[in-house]
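The primary structure of each chain is shown beneath.
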Amino acid sequence: MSLTIYHDGQFWVGIIEVVEGGKLKAFRYVFGTEPKDAEILDFIYDRLLEVINQSVHAGIDVKIKSNKKVNPKRLQRQVAKERNNVGISTKAQEAMKQAYEEKKKSRKKKAKRYREELKEQKYSIKKQKAKAKHKGKS
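Keep in mind that what you see is a predicted model, and the values were worked out from it rather than measured. Residue indices begin from 1 for each chain and proceed along its sequence in written order. Totals for whole chains, interfaces and linings use all residues, but because this is a predicted model, local features are given only for residues with pLDDT of at least 70 and pairs of side-chain atoms are given and counted only at 80 or more. Based on all heavy atoms of the structure, the side-chain values leave hydrogens and waters out of the count.

Engineer: Explain the layout of surface pockets here, please?
Structural biologist: Reported here for the second largest pocket is a volume of approximately 240 Å³. Lining residues are defined by having an atom within 4 Å of a point belonging to a cavity or pocket. Those points lie on a 1 Å grid over the protein atoms alone, cavities being sets where a 1.4 Å probe fits but cannot get out and pockets being open sets with protein on both sides within 12 Å along at least five of seven lines. Around the second largest pocket, the lining comprises eleven residues; the ones closest to its centre are A26, F27, R28, A99 and K103. Numbering of helices and strands runs from the N terminus; a helix is a DSSP stretch of H or I covering at least four residues, while a strand is a stretch of E covering at least two. Counting residues per element, the ones that place at least two in the lining of the second largest pocket are β3 (23-32) and α3 (90-135). The dominant element in the lining of the second largest pocket, judged by the number of residues it contributes, is α3, at four residues. The class makeup of the residues in the lining of the second largest pocket is six nonpolar, three polar and two charged. Grid points are joined across faces, edges and corners, and a volume is the space filled by probe spheres set on the points. Throughout this entry, Asp, Glu, Lys and Arg are counted as charged residues, while Ala, Val, Leu, Ile, Met, Phe, Trp, Tyr, Cys and Pro are counted as nonpolar. The remaining residues, Gly among them, count as polar.

Okay, here's the thing in structure tokens:
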């Protein structure tokens, strides 16, 4: 799992990338103003799991890297490279886009179901009024 915090021009945003079972899941969390170290730790300890667990998207297939011993100098170079690379990975962007599309579909289904229920309710009220009118009770 990795947490990348960067400024997107308007807000400070945290991108959480989680790899579980060969699937990459990415989540976006908006901090707003520049977060202090204490705020970041508070987020990690208290809200990180909520952000990860609230999503139901499947994720994107990725290859799992083997955990073999890395030369310390190579590790230093990798860390320096990651520090300079402030943006988010394209896989993470793809995973977030997929999650967004899934949320969009579920919202559409929910809205359609709500409209149909409302339509049925109006129809039943209309029928009841017509029946009452027919019986002579206006």
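Engineer: Help me understand helix α1 (residues 37-53), please; the structure alone is not making it clear to me.
Structural biologist: In an α-helix there are 3.6 residues to a turn, and that puts residues three or four apart on one side. The end-to-end C-alpha separation of α1 is 23 Å, in line with the 24 Å expected for 17 residues at 1.5 Å each. What the bend at a residue measures is the angle between two axes, fitted to the seven residues ending there and to the seven starting there. Of all the bends in α1, the greatest, near 55 degrees, is centred on R47. Among the residues making up α1, those that are buried are I40, F43, L48, V51 and I52. Those residues of α1 that are buried lie in contact with β1 (2-7), β2 (12-20) and β3. What a helix should span is 1.5 Å times the count of its residues minus one. Relative accessibility thresholds used throughout: buried, under 20% of the residue-type maximum; exposed, over 50%; partly exposed, between the two (1.4 Å probe, protein chains only). The contact definition used throughout considers only heavy atoms, calling two residues in contact when any of these lie within 4.5 Å.

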